[in-house]
Amino acid sequence: MRTAIYQYWDGNVRPSALAGVKNMREYADRIGTDYKFEQNPNWLRSHWGIDNGGYSAHYGAFKPLFDSAWDDYDKILFVDTDVFAVDGLTENVFDHFHGEIGICDEPFQPKQRTITKGRITSEQDNRWANMVKKHYGVEVPRTEDGLVRIFNTGMVLYSKQGRAKAQKDFEPFNDYIRLVKTSGLDSFYTCDQPYLHAMMYAKDFDVQEMDNNWNSYVHGTRDINHANRYIVDHRTDETKFVHCQFPGADDMNEAQLLRVVNLPREKWNYEI
C-alpha cells in the first residue's frame, strides 16, 4: 500500500510554518510514507484560473485530491503546516483510515459560534446549511442541540476510491463559490472548509470521523462578553497531532511551538 503526506504554502513562508514542515517530514520518515511540501503552488489560480481573493490559497489543500501525479497512492493525508506530531510518534495515521474521506470535527466550535460576534456565527452556519439543503437536497450533520457540526480541513485523509469519486462528483469550485456569493453569505463560506463539508455529504461519501486525537486543537477564543481572551487546550494523553491555532503561534519559533505541542501548559512560558 502506497501512502503520502502533502503540505504546501503560498506566499512568503513563515518560520513557524517551516517548523511544522520539518516536524511532519520527520513523522513521515518514521512511519515510512512519502512526503511532499510545495511552496507557492498557487494551485487555484495557476491550474483552475480561479481567483477567490484571500481564500484562494486555501484551495491548495485539494491539489492531491485532483492532481493525477497522486494517482498511484492508496491513501493520502493533507495536513496544514500548523499541525505538529507529538515527539517520537510512530503510530501510523493511515492504519486507522478505512473510509473515502477521513476528517475530525471541532466539538468546541458549534456552541462557541452561538456567542461569536462578527462573520462566523451559528446564524451564518444555519444560513449556509439551508443553502446546502435547498441546492443539494441534503441535511448537514448537527449536534444534539441542533447546531451545525464543524469539520476541520487542516487534517484530511483521502482514499484512492475517494479521490476518484471526488474527481467525478465534486461541484466545480467556481459554481460553489458563486452559489455562496449569490446566497448572501459571508465570504468565509466560500473557502475550502465549508466547500468540503458540503461536498462530502451532498455527494454521499463514506466519511470516516477520525479520532480527535489526530487533530487536537490548542486555540484562542473569547468569553460570552468578548471581554477576555483565553486558550482552549484539547490535548489528551492520547493526542497524536496538535493543531496550533492560538494567538501568537504564527510568530513562534520551533522550540516554542514544540513546548506547546509536547509539554503541560504550565511549562509553555506563554500566556495570552
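Residues numbered from 1 in each chain as written. Predicted model: local features only at pLDDT ≥ 70, side-chain atom pairs only at ≥ 80, totals over all residues. Heavy atoms only, no water.

Once that is clear, we can look at helix α9 (residues 254-262). Every buried residue of α9 is listed here: Leu-257, Val-260 and Val-261. Summarising the axial view, the buried residues of α9 lie within an arc of 100 degrees, below the 170-degree limit, and thus occupy one face. On its buried face, α9 sits against α1 (15-31), β4 (83-85), β8 (216-222) and β10 (241-245). Put simply, Asn-253 is the residue that caps the front of α9, since its side-chain oxygen is 3.2 Å from the backbone nitrogen of Ala-255. (Buried < 20%, exposed > 50% of the residue type's maximum accessible area, 1.4 Å probe, protein only. Helix = DSSP H or I, 4+ residues; strand = E, 2+ residues; numbered from the N terminus. Arc of directions from axis to C-beta. Contact = heavy atoms within 4.5 Å. Polar contact = N/O pair within 3.5 Å; in protein donor to acceptor, adjacent residues only side chain to side chain.)

Right, let's get into the nonpolar core. Residues Phe-62, Trp-128, Phe-170, Phe-173, Tyr-176 and Leu-196 are the most contacted members of the largest nonpolar core, which totals 40 residues. When contributions to this core are tallied by element, the ones reaching two or more residues are α2 (43-48), α3 (63-66), β5 (101-105), α5 (122-136), β6 (151-159), α7 (173-182) and α8 (192-202). Among the elements that take part in this core, α8 stands out by supplying 6 residues, more than any other. With near-sequence residues (within four places) excluded, Phe-62 lies in contact with Trp-43, Tyr-158, Phe-173, Asp-192, Tyr-195 and Leu-196. With 36 residues, the next largest nonpolar core counts Ala-85, Val-86, Ile-231 and Val-242 among its residues. (Core = buried A, V, L, I, M, F, W, Y, C linked by side-chain atoms within 4.5 Å.)

On to the environment of Thr-3, then. By secondary structure assignment, the location of Thr-3 is in strand β1 (residues 3-9). Taking relative accessible area as the criterion, Thr-3 reaches 9% and is therefore assigned buried. With 100 residues separating them in the primary sequence, Thr-3 and Ile-103 have C-alpha atoms 17 Å apart. Contacts of Thr-3, omitting those with residues within four sequence positions, involve Thr-33, Asp-34, Tyr-73, Lys-75 and Phe-94.

What follows is about the sheet that holds strand β9 (residues 229-233). Read across the sheet, 4 strands follow the order β4-β10-β8-β9 without closing on themselves; strand pairing throughout is mixed. Each edge of the open sheet is held by one strand with a lone partner, namely β4 and β9. When the angles between neighbouring strand axes are averaged without regard to direction, this sheet yields 25 degrees. Direction of pairing for β8 relative to β9: antiparallel, over a ladder of 5 bridges. For His-219, the partnering residue across the bridge sits in β9 and is Val-232. This element, α1, spans β4 and β10 of the sheet and lies at about 40 degrees to β4. (Pairing = 2+ DSSP bridges. Axes fitted to C-alpha atoms, helices over the stretch in contact; angles between N-to-C directions.)

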